[in-house]
Every structure is written in structure tokens, then in C-alpha cells.
Amino acid sequence: MASVAVRGAHYLAEKLTSLGWSLPFSNAFFKECVITPDASTAEVVAKSLEAGFLVGPMLDRFADSFCEETRSLLKNAMLIAVTEKHSQATLDQFAELFNK
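What you see is a predicted model; the values in this text were computed from it and never measured. (Residues numbered from 1 in each chain as written. Predicted model: local features only at pLDDT ≥ 70, side-chain atom pairs only at ≥ 80, totals over all residues. Heavy atoms only, no water.)

**Examining the overall build of the chain**
Scanning the chain for helices and strands turns up four helices and two strands. The secondary structure elements of the chain, listed N-terminal to C-terminal, are α-β-α-α-β-α. Over its C-alpha trace the chain gives a radius of gyration of 13 Å, about what one expects of a compact globule, namely 13 Å for 100 residues. Seen along its three principal axes, the alpha-carbon backbone of the chain occupies a region of about 40 × 30 × 20 Å. Put simply, the chain has 100 residues, and 32% of those count as buried. When contacts within the chain are restricted to residue pairs at least 6 apart in sequence, those whose partners lie at least 24 apart make up 57%. Carbon together with sulfur atoms contributes 55% to the accessible area of the chain, which is approximately 6100 Å² in total. Taking the 9 positively charged and 12 negatively charged side chains of the chain as two groups, their mean positions are separated by 4 Å. (Helix = DSSP H or I, 4+ residues; strand = E, 2+ residues; numbered from the N terminus. Rg over C-alpha atoms; globule rule 2.2 N^0.38 Å. Buried < 20%, exposed > 50% of the residue type's maximum accessible area, 1.4 Å probe, protein only. Contact = heavy atoms within 4.5 Å. Areas by Shrake-Rupley, 256 points an atom, 1.4 Å probe, with all protein chains shown as cover. Lys, Arg positive; Asp, Glu negative; His and termini not counted. Charge placed at Lys NZ, Arg CZ, Asp CG, Glu CD.)

**Examining unusual backbone geometry**
Residues Gly56 and Pro57 are joined by a peptide bond in cis, for which omega reads 15°. A positive phi angle is found at Asn76, which is not glycine, with a value near 60°. Along the chain, the position of Asn76 falls in the loop between helix H3 (68-74) and strand E2 (78-81). With a relative accessible area of 25%, Asn76 lands in the partly exposed category.

In C-alpha cells form, the structure reads like this:
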């Protein structure tokens, strides 16, 4: 089950980075990752909720708890998680919301 979530998280991260989003941290990740959209996180959350996807949290609210370098990486970043219940088709639907 965990391997399905890992594959899904990496699939979605790859899909979103191909659309101009970025992964601010180079560390390996399991089933969730920090990602920076090419639009504001508030816009992404609103658009996602409108389409029935629950995303977040937006991480800039935690930025003051970290050193300056990490703080700058968290600006306009959010956490995206994928579980074994998310099919590839669902991940594609999510990514398609942001395909301009």
C-alpha cells in the first residue's frame, strides 16, 4: 500500500513540475512533498477546493519558525499529499486544473 502512495506522490510532483511548479527542497520524500506552484497558494487552494480537491496547508504561515534560508523556500509553498486511494486518473485531473 505504501509503495502505491509513494509512486503517486512522485508521479504528481513530476506532473506539476512539468507545468512550472517547483520542489524547493531536494530531499527525498515519501507520500507528501513541499511544492511551490506557479500561482499563489491561495489561488491554488481555492481552485482545488472548487474542483473537490483538499490540498495544503500553505506553508508560509510557518516560515517564521525556521532559519532565513528555509523561510525563503517556504514562501508561497504548500504541502501536497497522495494516498493509495488516489488513482492516476485523479492525480491527472488535479494537475489538469493548472495546465494553462
